[in-house]
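Okay, here's what each chain looks like letter by letter:
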Amino acid sequence: MNRYAAFSAPEFVADAYFLQSHLAPDAESTAFWQAFLAEYPDRRGAYQEAQVLLGQLAEEQAQYTAIQLPPDSQRALWQRIEHQVQALPIGTAAGRRVVFPARRWSLYAAALVGLLLLSVAGWWWLQRPGTPVAYQTAYGETRRVQLPDGTQVWLNANSRLSLSGDWQPGQDRSVTLDGEAFFEVTHQTHHERFVVSGGGVRVEVLGTKFNVNTRRERTRVALREGRVKLAAEGTSLIMQPGETVEWSPKRPQLAKTAAPAENAAAWTSQRLVFDQTPLPEVAQLIEDQFGTRVEIANPALLDKRLTGEISLANEALLLEALETIYGVRARRDGTTLRLE
Amino acid sequence: MATTPVSLERTDDRILWSRVRSGDLAAFQAVYQQHVQTLYRYGLSLWPDPDGVMDAIHDVFVDVWAKRERLGETDSVKFYLIKSVKNRIFNALESRRRWRPGELAADSPAVPSDPSPEDEWVRHQETDQQTDHLHQRLGQLPARQQEALRLRFFEGLDYRQIAEVLQINQQSAHNLVFRALEALRRQWPLVLLGLVGGLFW
């Protein structure tokens, strides 16, 4: 009882036992304070002042608690969270890093090419400078992710996409790609460019849909919609929808190829489309997708060309299709697939 | 006052938390529903930007889920979330301040040194009052005292927890609340209602 003997009102209010006695009174605390005030009547003034202070704080609290997140905002925020956590891999796959959750714009201009921009009220995000954000897929895995600006990216098997630098309002949005990805880039109000770097080539877009493949030391960009500017080692060109351009260190020119752009992104629907594609190339595609080494045992198969579509859903289905449709038998020999 | 001390939180809070750690998304949503309003109010009191605060809350929850298997027990889920939101908002403001062109040299120290990050941030807050959400009489006090009062009397954190959120020691937390109450008392005209001895309520 002594310690309260010289207390001022603020000291009472700051005291844990005083507060608890007023929030959750019980017989013991009531008795305590009555006895205290009887023994130290000169403390009554401070004590009562303390109670008034508490009351005023209670009024302040009522105002504070009245600040509410509206129910629909609360629901929408949960949906954002749920969406984001479901994009995270479940647990960690063997040997692969779990990706960081992407930062979010608060309001993003989610316009695909051809659609009008929705209302944009400026944008920012929370990010520690220097924290990298990266996405990685395993063999046989394709994933869809959404970047902080609303851009959708389908990441094909064994590929890695990382956000470079600090994404800031008014500046370019840069990513690097190792592997294959299909992008649906959002158009931002201030026309900030979206830049993909990979395999020696820089792809600059405003807002568009395109596929980038940097595998096997050869970069291929297939444009479905929109406009894209490619730059590589001093050369550059502007692509039109439907075109495919290829570049490699061995042939360092941006060259348009005959391959139609629509087929390039078939993998996003779990299909592989062939159009007079030589079997060795098909073998490479299987390797890229599933990580299985493929060997063509029968030299006669080297000239075989395939046309059509097969499912990428899993390796077994793919091999079955190869056999029944194309007459190419696939036999497992350890970790290698032999085509005969 | 409506706030119950945090130590009296329901034990189902702890059950929920351990379910979250095992990957129960429904439990995770329950945690969200239980605490989002608290976090929103608290966040807004630090930074009067509703979108910014919602983003901070989003990031905190996503982060919790991402590292759920590595989470430990906590004596209070609310406290843990408040601390996390505080960190996010503080970092966000720090970064933003540093990024504003032209202000770099004048405003921020090259490396935030010891007592200053909070002071700098306080200064930023006071010059950046855009919304009027928190028009309270408390608003006359320095930001740090306001925060201490809110954590203590509106959110029911104890001094150990307040100390952690504010990154000071427990004694300093107590002093901060005390000084804030002294300032309040000077500021508010005291109205002695018809008290007749005994306890107020």
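Rules and cut-offs
Residues numbered from 1 in each chain as written. Chains lettered and ligands numbered in written order. Predicted model: local features only at pLDDT ≥ 70, side-chain atom pairs only at ≥ 80, totals over all residues. Heavy atoms only, no water. Helix = DSSP H or I, 4+ residues; strand = E, 2+ residues; numbered from the N terminus. Contact = heavy atoms within 4.5 Å. Areas by Shrake-Rupley, 256 points an atom, 1.4 Å probe, with all protein chains shown as cover. Core = buried A, V, L, I, M, F, W, Y, C linked by side-chain atoms within 4.5 Å. Buried < 20%, exposed > 50% of the residue type's maximum accessible area, 1.4 Å probe, protein only. Pairing = 2+ DSSP bridges. Axes fitted to C-alpha atoms, helices over the stretch in contact; angles between N-to-C directions. Parallel < 35°, antiparallel > 145°, perpendicular 65-115°, else oblique. Left-handed = near helix turned anticlockwise from the far one by under 90°. Nonpolar A, V, L, I, M, F, W, Y, C, P; charged D, E, K, R; others polar. Phe/Tyr/Trp six-rings, centres within 6.5 Å; stacked < 30°, edge-to-face > 60°. Lys NZ or Arg CZ within 6 Å of the ring centre and 35° of its normal. Salt bridge = Lys/Arg side-chain N within 4 Å of Asp/Glu carboxyl O. Expected span 1.5 Å × (residues − 1). Bend = angle between axes of the 7 residues up to and from the residue. Polar contact = N/O pair within 3.5 Å; in protein donor to acceptor, adjacent residues only side chain to side chain. pLDDT = per-residue confidence, 0-100.

## Quick notes on the overall build of chain A
Reasoning step 1: The secondary structure content of chain A amounts to eight helices and 19 strands.
Reasoning step 2: If you take every contact in chain A between residues at least 6 apart in sequence, the share linking residues at least 24 apart comes to 49%.
Reasoning step 3: Summed over all atoms, the accessible surface of chain A reaches about 15,700 Å², with 50% contributed by carbon and sulfur.

## Observations regarding the nonpolar core
Reasoning step 1: Judged by nonpolar contacts, the single largest core of 80 residues is most densely connected at Phe12(A) and Phe153(B).
Reasoning step 2: Top contributing element to this core by residue count: helix H2 (residues 25–46) of chain B, with ten residues.
Reasoning step 3: Grouped together as the second largest cluster of nonpolar side chains are 31 residues, Val153(A), Val185(A), Phe210(A) and Val212(A) included.

## Details of the sheet that holds strand S14 (residues 255–257) of chain A
Residues and elements named next belong to chain A.
Reasoning step 1: The strand order across the open sheet built from seven strands is S2-S3-S6-S9-S10-S13-S14, with neighbouring strands paired in antiparallel fashion. Looking at the sheet topology across the chains shown, the edges are occupied by strand S2 (143–146) and S14. Taken pair by pair, the neighbouring strands of this sheet meet at an average axis angle of 20 degrees, ignoring direction.
Reasoning step 2: Sheet topology places strand S6 (residues 180–184) next to strand S9 (residues 209–213); five bridges connect them, and they run antiparallel. Bridge pairing in S9 places Phe-182 opposite Asn-211.

## Some words on the pairing of strand S18 (residues 330–333) of chain A
Reasoning step 1: Pairing between S18(A) and strand S19 (residues 336–339) of chain A: four bridges, direction antiparallel. Across the sheet, residue Arg332(A) finds its bridge partner in S19(A), namely Leu337(A).

## Considerations on the packing of helix H2 (residues 16–23) of chain A against helix H3 (residues 27–39) of chain A
Residue and element names in this part refer to chain A.
Reasoning step 1: Running from N to C, H2 and H3 point in directions that differ by 120 degrees, and their axes come no closer than 9 Å. Relative to H3, the element H2 lies oblique. Judged by the twist between their axes, the crossing of H2 over H3 is left-handed. When H2 is examined against H3, the residues Tyr-17, Phe-18 and Ser-21 are found in contact with a partner set consisting of Glu-28, Ser-29, Phe-32 and Trp-33.
Reasoning step 2: Of the residues that constitute the contact of H2 with H3, the class distribution is four nonpolar, two polar and one charged.

## Thoughts on the packing of aromatic side chains
Reasoning step 1: In total, this model carries 28 aromatic pairs over all chains according to the counting rule given.
Reasoning step 2: Here the aromatic rings of Tyr4(A) and Phe7(A) are separated by 5.1 Å at their centres, their planes lie at 80 degrees, and the arrangement is edge-to-face.
Reasoning step 3: We classify Tyr4(A) as buried; its relative accessible area is 4%.
Reasoning step 4: Ring centres 4.9 Å apart and planes at 90 degrees place the aromatic pair Phe32(A) and Trp33(A) in the edge-to-face group.
Reasoning step 5: For Phe32(A), a relative accessible area of 21% corresponds to the partly exposed category.
Reasoning step 6: An aromatic cluster is defined as three or more aromatic residues linked by ring pairs; in this entry it consists of Tyr4(A), Phe7(A), Phe12(A), Tyr17(A), Phe18(A), Phe32(A), Trp33(A), Phe36(A), Tyr40(A) and Tyr47(A).
Reasoning step 7: When the ring centre of Tyr4(A) is taken as origin, the NZ or CZ atom of Arg3(A), which lies over that ring, is 4.9 Å away.
Reasoning step 8: Cation over ring: Arg68(B) sits above Trp65(B), and NZ or CZ is 4.2 Å from the ring centre.

## Considering the pattern of salt bridges
Reasoning step 1: This structure, assessed with the given rule, holds 26 salt bridges over all chains.
Reasoning step 2: Between Asp288(A) and Arg216(A) there is a salt bridge, and its shortest N-O distance comes to 3.2 Å. Residue Asp288(A) is found in helix H7 (residues 279–290), and its partner Arg216(A) is found in the loop between S9 and strand S10 (219–225); the two are separated by 72 residues along the sequence.
Reasoning step 3: With a shortest N-O distance of 3.4 Å, Arg160(B) and Glu164(B) are connected by a salt bridge. Residue Arg160(B) and its partner Glu164(B) are both found in helix H8 (residues 159–166); the two are separated by four residues, about one turn of the helix.
Reasoning step 4: For Arg160(B), a relative accessible area of 35% gives the class partly exposed.
Reasoning step 5: On the basis of relative accessibility, which here comes to 36%, the residue Glu164(B) falls in the partly exposed class.
Reasoning step 6: Overlapping salt bridges, with partners in common, bring together Asp172(A), Arg193(A), Arg202(A) and Glu204(A) in one network.

## Re H2(B)
Residue and element names in this part refer to chain B.
Reasoning step 1: Between its first and last C-alpha atoms H2 spans 29 Å; for 22 residues at 1.5 Å apiece the expected length is 32 Å, and the two agree.
Reasoning step 2: Of all bends in H2, the biggest is about 45 degrees, found at His-35.
Reasoning step 3: Among the 22 residues in H2, 16 count as buried, and that is most of the element.
Reasoning step 4: Backbone nitrogen of Ala-26 and a side-chain oxygen of the N-cap are separated by 3.0 Å at the start of H2; the cap is Asp-24.

## Thoughts on the sheet that holds S19(A)
Residue and element names in this part refer to chain A.
Reasoning step 1: Across the sheet, three strands lie side by side as S16-S19-S18; this open sheet has mixed pairing. A single partner strand is all that each edge strand has here, and the edge strands are strand S16 (293–296) and S18. Sheet twist, expressed as the mean angle between neighbouring strand axes with direction ignored, is 30 degrees.
Reasoning step 2: Across the sheet, H7 touches S16 and S19, and the angle it forms with S16 is around 165 degrees.

## Description of unusual backbone geometry
Reasoning step 1: Residue Glu217(A) is not a glycine yet carries a positive backbone phi of 50 degrees.
Reasoning step 2: Along the chain, Glu217(A) turns up in the loop between S9 and S10.
Reasoning step 3: Positive phi, normally seen in glycine, also occurs at Gln167(B), with a value near 60 degrees.
Reasoning step 4: Tracing the backbone shows Gln167(B) in the loop between H8 and helix H9 (170–187).

## Details of the confidence of the model for chain B
Residues and elements named next belong to chain B.
Reasoning step 1: Predicted confidence across chain B gives a mean pLDDT of 75, with 67% of residues reaching 70 or more.
Reasoning step 2: Summarising per-element confidence for chain B, the mean pLDDT is lowest in helix H5 (residues 104–107) (35) and highest in H8 (95).
Reasoning step 3: Under a pLDDT of 50 for its full length, residues 1–9 has, in the predicted model, 26 contacts with residues more than four places off or in other chains.
Reasoning step 4: Segment residues 191–201 is flagged for pLDDT under 50; beyond a separation of four residues in sequence, or across chains, it makes 23 contacts in the model.

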